[in-house]
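# Chains, contacts and geometry: an overview
Each chain, written out:
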Amino acid sequence: MSESHYSLNGKRIILGVTGSIAAYKAVSLLRTLVQAGADVSVVMTQSATRFIAPLTFEVLSKHPVAIDLFSGKQEMMHITWPEHADLIVLAPCTANRMAKYALGLADDLLSTMLMTTQCPVVIAPAMDGEMWDQPALKNHVAVLRERGVTILEPEIGPLASGKWSQGRLPSEEAIVATIEEKLRETQDWVGHHFLISAGPTREPIDAVRFLSNGSSGKMGYELAEAAVARGARVTLVSGPTELAPPPGIEFLSVTTAEEMHQALASKFERATVLIMAAAVGDFRPRQVNPEKFKKQDWNGEPLELERTTDILAALSAQRTHQILVGFAAETSNLLENGQAKLKKKSLDMIVVNQIGGTHSAFGNETNEVILIPRGKTPQPIPRLPKRAVADRILTELHTFTVPASSHQPVSQI
Ligand SMILES: Cc1cc2nc3c(=O)[nH]c(=O)nc-3n(C[C@H](O)[C@H](O)[C@H](O)COP(=O)(O)O)c2cc1C
């Protein structure tokens, strides 16, 4: 990956393809974005499917292509996709599409997504010169620009009609540069090194059994992805999970609490932020049987346990400049227990979430938390996708920002 595409690494982009003769150029754009490390999902209008087959985009993006608002394959796609996106780019964008967007119509999947999104939108128009010059279109372009939508100028040159005028899809270089520029505006953690733990730990009882918990690791992985997307270098230390390591990060796989402690301690000195999102086991069997323990050999002796190291407390005692964030998984008295832990371990912030019951943080795609920053009023965060919770946490952490380190960009680890 070239350094100039660094800001695309790990970014989640929705590429909207509309019914223009230039739709084939979106294939090359998709490839460039994917090669630069972006996670691109394609949405096509019905008209766009008349120009190019969705399969092409599906294969190159490695994601299903979304077309129909009512397909029912994925519920509420018009809300969930934009919620997870860092940016939406419409390339090529038809005159019709810009009119719909300016008027606030929501009569198909792409237009409805544009009505729900909060992320930056970049539009690369392509159309006949007469269409681009239409006063009606000029009004729509002006309205959208006023609302903060970035609309590139189409290029002047030969068009599909054979005429020479302004209407050609802007060059791929111009589109990519604009996407990068918009994304760089949200690169607020460049120069920082996040050390993040995730997932459960496993404490062996014998050769096949272990003590563990139901943590999926999702929250820690989302934090890692969000931090990378916002420009940080990230080391993720993970216990056993079903999740694939996010792209663009340093990934250390561990099993026991002790291994997690060692891995985190080895990276702590150079980190600027430590987020302990892992559900580290508090106890481990005092003795581990190297063989499988036979059930007929058990005469009712209790399993003797001992405490594992309190990793966060141990690292907190060694801190020099790091921002420290802990998670507290509580079943009751969330606020009181969180505040006590924040103080006891000298943390900068604690994220309290509820476990157990139907709204448990464990294994769920969403999370409802209370952020308790040191010296500030606790902030309840409503139930949101874990990625959105991760972004709220990263934004809140700016209260404690330390001078940025001089680490290399992630792409050069
Ligand atoms: C062969 C052909 C090429 C077209 N090219 C364009 C184009 O480049 N730009 C444009 O705005 N409309 C173009 N159109 C018209 C759009 O396809 C039409 O306005 C359609 O309703 C757009 O739908 P959409 O915005 O939902 O994709 C073209 C139509 C045809 C038949």
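Further up the page is the structure itself.
The sections below set out a description of the structure shown in this document. Fair warning: this is a prediction, and the values are worked out from it, not measured in the lab.

Let us look at the site of the ligand. In the vicinity of the ligand lie 14 residues, with Gly19, Thr45, Thr94, Arg97 and Ala126 positioned nearest. Ala95 has a polar backbone atom sitting 2.8 Å from an oxygen atom of the ligand. In this structure, an oxygen atom belonging to the ligand sits 2.9 Å away from a side-chain N or O atom of Asn96. The fraction of the free accessible surface of the ligand (640 Å²) that becomes covered by protein chains is 64%. Looking at the shell around the ligand element by element, the count peaks at three residues for helix α4 (residues 95–103). Per-class residue counts for the shell around the ligand are six nonpolar, seven polar and one charged.

It is worth spelling out the environment of Gly248 at this point. Its place among the elements puts Gly248 in the loop between β11 (233–238) and β12 (250–253). Separated by 106 residues in the primary sequence, Gly248 and Ala142 have C-alpha atoms spaced 38 Å apart.

Looking now at the pairing of strand β13 (residues 273–276). The side-chain alternation of β13 yields two buried faces, one formed by Val273 and Ile275 and the other by Leu274 and Met276. Relative to β13, strand β8 (residues 193–198) is paired through four bridges, and the arrangement is parallel. By the bridge assignment, Phe194 is partnered in β13 with Val273. Inspection of the sheet shows β13 paired to strand β16 (residues 323–330) by four bridges, in the parallel sense. Paired with Ile275 across the two strands is Val325, which belongs to β16.

Remark: α4 packs on helix α7 (residues 135–146), axes separated minimally by 9 Å, with the N-to-C direction vectors making an angle of 50°. If you check the angle between α4 and α7, you find them oblique. Of the two elements, α4 crosses α7, and the hand of that crossing is left-handed. For the pair α4 and α7, the contacting residues are Ala95, Met98, Ala99, Tyr101, Ala102 and Leu103 in the first and Leu137, His140, Val141, Val143 and Leu144 in the second. Here the contact of α4 with α7 is built from residues that sort into 10 nonpolar, one polar and no charged.

Reading guide: rules and limits
- Residues numbered from 1 in each chain as written.
- Predicted model: local features only at pLDDT ≥ 70, side-chain atom pairs only at ≥ 80, totals over all residues.
- Heavy atoms only, no water.
- Near = heavy atom within 4 Å.
- Polar contact = N/O pair within 3.5 Å; in protein donor to acceptor, adjacent residues only side chain to side chain.
- Areas by Shrake-Rupley, 256 points an atom, 1.4 Å probe, with all protein chains shown as cover.
- Helix = DSSP H or I, 4+ residues; strand = E, 2+ residues; numbered from the N terminus.
- Nonpolar A, V, L, I, M, F, W, Y, C, P; charged D, E, K, R; others polar.
- Buried < 20%, exposed > 50% of the residue type's maximum accessible area, 1.4 Å probe, protein only.
- Pairing = 2+ DSSP bridges.
- Axes fitted to C-alpha atoms, helices over the stretch in contact; angles between N-to-C directions.
- Parallel < 35°, antiparallel > 145°, perpendicular 65-115°, else oblique.
- Left-handed = near helix turned anticlockwise from the far one by under 90°.
- Contact = heavy atoms within 4.5 Å.

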